[in-house]
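# Descriptive analysis of the structure
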Amino acid sequence: MRDQISELTTNRLSLYVRFLSELDERGVTTVSSQGLAAQFGLNAALIRKDLAHFGDLGVRGVGYVVKDLRRKLRSILGLDRPLRVAIMGAGNLGLALADYPGFRRDGFRIVALFDNQAEKVGRLSRSGVPIYDVAELERVAQREAITIAVIAVPAASAQPVVDTVVEAGIRAVLNFSPGALRVPRDVKLKSVDLTVSLESLSFFLANREAQRDATA
């Protein structure tokens, strides 16, 4: 059944977990589908449909118990187990990602950085993440039980680095390098293209200016 759940649905589950965590921190004990829908600008029926994929998670006449729903959604997303992550590339982006405290708070532990520049190997990031030679990836991945790799290298190096990650047995990859990468069918690849996102914002601004000029 889980293979039939769309990626859009799983993306929304992540948003629900984040909001439920905020509610829990504020001492809110229950929330309705309407309350969740209002937070994300969605239809309450869509919220209920998303959650119904995984059973009856609500309480009739009450809605959803915040702590219980958060715990169940974290389990559904696999966040109730340790997730150990390697970052490929110890440049500015890679080091910034390695030292970002939010990953650990959300259950992702950055355990290693990898680079091919000898002067970086053997050093630590500011938060204490060790930097290894990329040639050691398979050995370190097995020792540290790494399950996710983050690609933070220049575009020209991205495909060879991804190939090395796959050869090391890692089957989940988050890519920050521009351009399309190829992976086997049994490897999950998600890409975050910052340039594309900025260009989308640029289009929005240009379109708004064009509309303003047309009505002036």
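Rules used throughout
- Residues numbered from 1 in each chain as written.
- Predicted model: local features only at pLDDT ≥ 70, side-chain atom pairs only at ≥ 80, totals over all residues.
- Heavy atoms only, no water.
- Pairing = 2+ DSSP bridges.
- Helix = DSSP H or I, 4+ residues; strand = E, 2+ residues; numbered from the N terminus.
- Axes fitted to C-alpha atoms, helices over the stretch in contact; angles between N-to-C directions.
- Contact = heavy atoms within 4.5 Å.
- Parallel < 35°, antiparallel > 145°, perpendicular 65-115°, else oblique.
- Nonpolar A, V, L, I, M, F, W, Y, C, P; charged D, E, K, R; others polar.
- Buried < 20%, exposed > 50% of the residue type's maximum accessible area, 1.4 Å probe, protein only.
- Right-handed = clockwise from strand over helix to strand, strands pointing away.

Another aspect to go through is the sheet that holds strand E6 (residues 148-151). Taken in spatial order, the six strands of this open sheet run E5-E4-E3-E6-E7-E8, and their pairing is parallel. Every other strand in the sheet has two partners, leaving strand E5 (131-133) and strand E8 (188-191) as the edge strands with one partner each. On average, each strand axis in the sheet is tilted by 25 degrees relative to the strand beside it, whichever way the strands run. In terms of strand pairing, E6 meets strand E7 (residues 172-175) through three bridges, oriented parallel. Paired with Ala149 across the bridge in E7 is Val173. Each of strand E3 (83-88), E6 and E7 is contacted by helix H8 (residues 155-167), which is oriented at about 170 degrees to E6, the strand it contacts most.

As a packed pair, helix H1 (residues 7-25) and helix H3 (residues 44-52) sit with axes 10 Å apart at the nearest point and diverge in direction by 100 degrees. Here H1 is positioned roughly perpendicular relative to H3, judged by the angle of their axes. Residues Thr9, Arg12, Leu13 and Tyr16 of H1 pack against Leu46, Ile47, Asp50 and Leu51 of H3. By residue class, the composition of the contact of H1 with H3 is five nonpolar, one polar and two charged.

Below, the discussion takes up the pairing of E6. Taking every second residue as pointing to the same face, both faces of E6 are buried, with Ile148 and Val150 on one and Ala149 and Ile151 on the other. Sheet topology places E3 next to E6; four bridges connect them, and they run parallel. Bridge pairing in E6 places Ala86 opposite Ala149. Since E6 and E7 lie parallel, the crossover through H8 that links them has a hand, and here it is right-handed.

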